[in-house]
Amino acid sequence: MGLGLWQGSYKQVERAWLRWYGESGNWLPTPAETAALVEQERLREQQRADAAEAELAQLKSLLQAKGIDPTAL
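Rules used throughout
- In every chain, residue numbers begin from 1 and rise along the written sequence.
- Residue-level local features of this predicted model are given only where pLDDT is at least 70; pairs of side-chain atoms are given and counted only at 80 or more, and the full residue set underlies all totals for whole chains, interfaces and linings.
- With hydrogens and water excluded, all non-hydrogen atoms of the structure serve as input to the side-chain values.
- Only when DSSP finds a minimum of two bridges between them are two strands counted as paired.
- Starting at the N terminus, helices and strands are each numbered in turn, a helix being any DSSP run of H or I of at least four residues and a strand any DSSP run of E of at least two.
- Classification of ring pairs rests on two measures: the distance between centres of Phe, Tyr or Trp rings, Trp counted by its six-membered ring, which must be within 6.5 Å, and the angle between planes, read as stacked under 30 degrees, edge-to-face over 60 and tilted in between.
- Note on classification: 1.4 Å probe, protein chains only; a residue is buried when its accessible area is under 20% of the maximum for its type, exposed when over 50%, partly exposed between these limits.
- Two conditions define a charge sitting above a ring: the NZ of Lys or the CZ of Arg must be within 6 Å of the ring centre, and it must be within 35 degrees of the ring normal.
- Patch members must show over 30% relative accessible area and no salt bridge, and they are joined within 9 Å when carrying like charges or within 5 Å when they are nonpolar side chains of Val, Leu, Ile, Met, Phe, Trp or Tyr.
- Per-residue and other accessible areas follow the Shrake-Rupley method at a 1.4 Å probe size, with only the shown protein chains counted as cover for residues.
- Salt bridges are identified by distance alone: a Lys or Arg side-chain nitrogen within 4 Å of an Asp or Glu carboxyl oxygen.
- Each polar contact in these results corresponds to two N or O atoms within 3.5 Å; when the atoms are within protein, one needs to be able to donate a hydrogen and the other to accept it, and residues that are neighboring in sequence are counted only if both atoms are side-chain atoms.
- Two residues form a contact once any of their heavy atoms are found within 4.5 Å.

## Looking at the pairing of strand S2 (residues 13-21)
For step 1, the next point in the chain: Pairing geometry for strand S1 (residues 2-10) and S2, over 9 bridges, is antiparallel. When the bridges of S2 are listed, glutamine 7 appears paired with alanine 16.

Printed below as a string of structure tokens:
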């Protein structure tokens with residue numbers, strides 16, 4: 001881990017900032033960046049859940065169209 005100069009915007013101020021970086025040389029995320037990543041992952045998970053629900057509804061509908069009660073399975 002080290003400390004380096006990062007050029008960017010923080011709290012709406014654009015300039016060079018001291019920032020921590022890890023062993024691989026990548027900047028460590030700020031709390032705001034971490035929160036944004038967590039929110040992006042939450043949205044992706046919600047989209048996957050919504051897609052699974054839609055697929056399940058479609059499969060239930062197909063079973064019912066064939067005269068099969070999906071709740072009896």
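## Concerning the packing of aromatic side chains
The geometry of an aromatic ring pair is captured by the separation of the ring centres together with the interplanar angle, meaning the angle of the planes.
For step 1, the next point in the chain: All chains considered together, the criterion is met by 2 aromatic pairs.
For step 2, the next point in the chain: Between tyrosine 10 and tryptophan 17 the ring centres are 5.5 Å apart and the planes differ by 75°, which places this aromatic pair in the edge-to-face class.
For step 3, the next point in the chain: For tyrosine 10, a relative accessible area of 37% gives the class partly exposed.
For step 4, the next point in the chain: Note on tyrosine 21 and tryptophan 27: the rings are 5.9 Å apart at their centroids and 85° apart in plane angle, and the pair reads as edge-to-face.
For step 5, the next point in the chain: Look at tyrosine 21 and you get partly exposed, because its relative accessible area is 30%.
For step 6, the next point in the chain: Overall, tryptophan 27 belongs to the partly exposed group, its relative accessible area being 33%.
For step 7, the next point in the chain: Note that arginine 15 overlies the ring of tryptophan 17, its terminal NZ or CZ placed 4.6 Å from the centroid.
For step 8, the next point in the chain: When the ring centre of tryptophan 6 is taken as reference, the NZ or CZ atom of arginine 19 above it lies at 4.5 Å.

## Brief notes about a nonpolar patch on the surface
For step 1, the next point in the chain: Together, Met1, Leu3, Leu5, Leu18, Trp20 and Leu28 give the surface a local cluster of nonpolar side chains, amounting to about 690 Å² of exposed area.
For step 2, the next point in the chain: Elements with a contribution of two residues or more to the nonpolar patch: S1 and S2.
For step 3, the next point in the chain: Mapped onto the fold, leucine 28 is located in the loop between S2 and helix H1 (31-65).

## Overview of unusual backbone geometry
For step 1, the next point in the chain: Here the phi dihedral of lysine 11 falls at roughly 50°; this positive angle occurs in a residue that is not glycine.
For step 2, the next point in the chain: Turning to its location among the elements, lysine 11 is positioned in the loop between S1 and S2.
For step 3, the next point in the chain: You will see that glutamine 12, though not glycine, has its phi angle at about 65°, which is positive.
For step 4, the next point in the chain: Relative to the helices and strands, glutamine 12 is located in the loop between S1 and S2.

## Quick notes on the side chain of arginine 19
For step 1, the next point in the chain: Structurally, the position occupied by arginine 19 is in strand S2.
For step 2, the next point in the chain: Take arginine 19: its relative accessible area is 9%, and that puts it in the buried class.
For step 3, the next point in the chain: Within the structure, the side chain of arginine 19 is placed 3.0 Å from the backbone oxygen of leucine 28, a separation counted as a polar contact.
For step 4, the next point in the chain: When near neighbours in sequence (up to four residues on either side) are disregarded, arginine 19 contacts Gly2, Leu3, Gly4, Trp6, Trp27, Leu28, Pro29, Thr30 and Glu33.

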